[in-house]
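# Close look at the chain arrangement
These are the residues of each chain, in order.
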Amino acid sequence: MVTKIWSSCMPKPSSSPNRVERHHFYLCQWQSSTQVGICYLLYRLIVAIVFLAMLVCSVLDIGRSEPMFEHHYAKWWIYLTHWALMACTVQAWLAAIIVTKGLMIDRNEFEWNIHVARESRLHSVYWIAYTIATVYSFIVTLVYWMFVYDSSKNRVDAVNLMVHVLNSIIMLIDLTIVGHPIKLNHAYWTTGIGVAYTLFSIVYYLAGGTDRHNDTNIYKMLDWTKPGKSIVICALGIFAVFLMHFLCYCLYCLRVWLYARVCVQGNNSKSSSNEKITSITRTLSSMEEAQRENFLNPTAVVDLKESRHDGRGPPRQVASLR
């Protein structure tokens, strides 16, 4: 129903529905140029470096003031917070690589006519990692400060703020400026991570694992000595993940709506009808058609080629999916 509402407000482009425009992954949503911007590339590199620094500080406890117990470094990976941080770091570096390649395409520094399927897989892995990182950053921040934080055990130090506050701030900023969509049918990735973590916590408990403070439970509310309560909590948590995914989708819709109302309509008042069709390809209706499920098919091939020259400027390059 949401898609129908947006489609009724925004005309459909005449381009092929199987085409994936470059700006979905290479360009910022809000830029008017069709070329990869240096500022956007610098932003992507800065975000990647920041997330890597956060990851290193978290792993090595740089800036942490909490008292630690024996083997606490070996237990870093058991927390959902750190799973989300790893997803943030992976997607940030993949984004930096993709945008860098986009800049190379614009400058014709490589021969891109022979473009193999691994490029499609790179975009797919990034898209999945980005969706997981965005949803779980918000989930981790909300759940930690609402249900997990204990002033007697947890201290508000630099590491705590980085992994439970700064991660969500960065991903929220990212969600407002990237050019590619959040799709509802990708919720099976985010909810799947929730199911995987639930199974992991059960196996870890049965194996006699403890948290970094040598408590028997990774999280105090996830006490598998009371399996009924824990199962209910896990089910509610997975449902909360789906709701957060839907909220991220709504924020994406709002971003595109604002772009269509503020940028596209403003440009349309000064442009010809052909330029209107070109600009409107960034709207939600075209994204919904272009981002079909076969985009995640590992056999898909992304071809980067020049579009037809319309006589008004240099030919533009687009990424087509076939």
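Residues numbered from 1 in each chain as written. Predicted model: local features only at pLDDT ≥ 70, side-chain atom pairs only at ≥ 80, totals over all residues. Heavy atoms only, no water.

### Remarks on the environment of Ala 84
Mapped onto the secondary structure, Ala 84 falls in helix 3 (residues 80-106). With relative accessibility at 2%, the residue Ala 84 sits in the buried group. (Helix = DSSP H or I, 4+ residues; strand = E, 2+ residues; numbered from the N terminus. Buried < 20%, exposed > 50% of the residue type's maximum accessible area, 1.4 Å probe, protein only.)

### Observations regarding helix 6 (residues 187-206)
In this model, helix 6 (20 residues) spans 29 Å end to end at C-alpha, consistent with the 28 Å of a helix rising 1.5 Å per residue. When helix 6 is considered as a whole, its buried residues turn out to be Ala 187, Thr 190, Thr 191, Gly 194, Tyr 197, Thr 198, Phe 200, Ser 201 and Tyr 204. A positive backbone phi angle near 85° is found at Gly 208, which sits one or two residues after helix 6. (Expected span 1.5 Å × (residues − 1).)

### Side note on the layout of surface pockets
Space inside the second largest pocket adds up to approximately 660 Å³. Lining the second largest pocket are 29 residues, and of these Leu 80, Ile 139, Val 143, Met 221 and Gly 237 sit closest to its centre. Of all the elements in the fold, those that place two or more residues in the lining of the second largest pocket are helix 3, helix 4 (117-148), helix 6 and helix 7 (227-268). Residue contributions to the lining of the second largest pocket peak at 10 residues, all from helix 7. The class makeup of the residues in the lining of the second largest pocket is 24 nonpolar, five polar and no charged. (1 Å grid on protein atoms, 1.4 Å probe; cavity = no way out; pocket = protein on both sides within 12 Å on 5 of 7 lines; lining within 4 Å. Points joined across faces, edges and corners; volume = space filled by probe spheres on them. Nonpolar A, V, L, I, M, F, W, Y, C, P; charged D, E, K, R; others polar.)

### Observations concerning a nonpolar patch on the surface
Residues Trp 30, Leu 172, Leu 247, Leu 251, Leu 254, Trp 257, Leu 258 and Val 262 make up a contiguous nonpolar surface patch of about 660 Å² in total accessible area. Per element, the largest residue contribution to the nonpolar patch is six residues, and it comes from helix 7. You can see Leu 258 is positioned in helix 7. (Patch = residues over 30% accessible without salt bridge, like charges linked within 9 Å, V, L, I, M, F, W, Y side chains within 5 Å. Areas by Shrake-Rupley, 256 points an atom, 1.4 Å probe, with all protein chains shown as cover. Salt bridge = Lys/Arg side-chain N within 4 Å of Asp/Glu carboxyl O.)

### What about the UniProt feature "transmembrane region" (unreviewed entry) in the protein chain?
Those places that UniProt annotates as "transmembrane region" (unreviewed entry) correspond, in this numbering, to residues 41-63, 83-104, 125-147, 159-179, 186-207 and 230-252. From the first C-alpha to the last, residues 41-63 spans 29 Å; its make-up is 87% helix and 0% strand. Between the first and last C-alpha atoms of residues 83-104 the distance is 32 Å; the span itself is 100% helix and 0% strand. (UniProt positions renumbered as here; feature names shortened; annotations may be inferred.)

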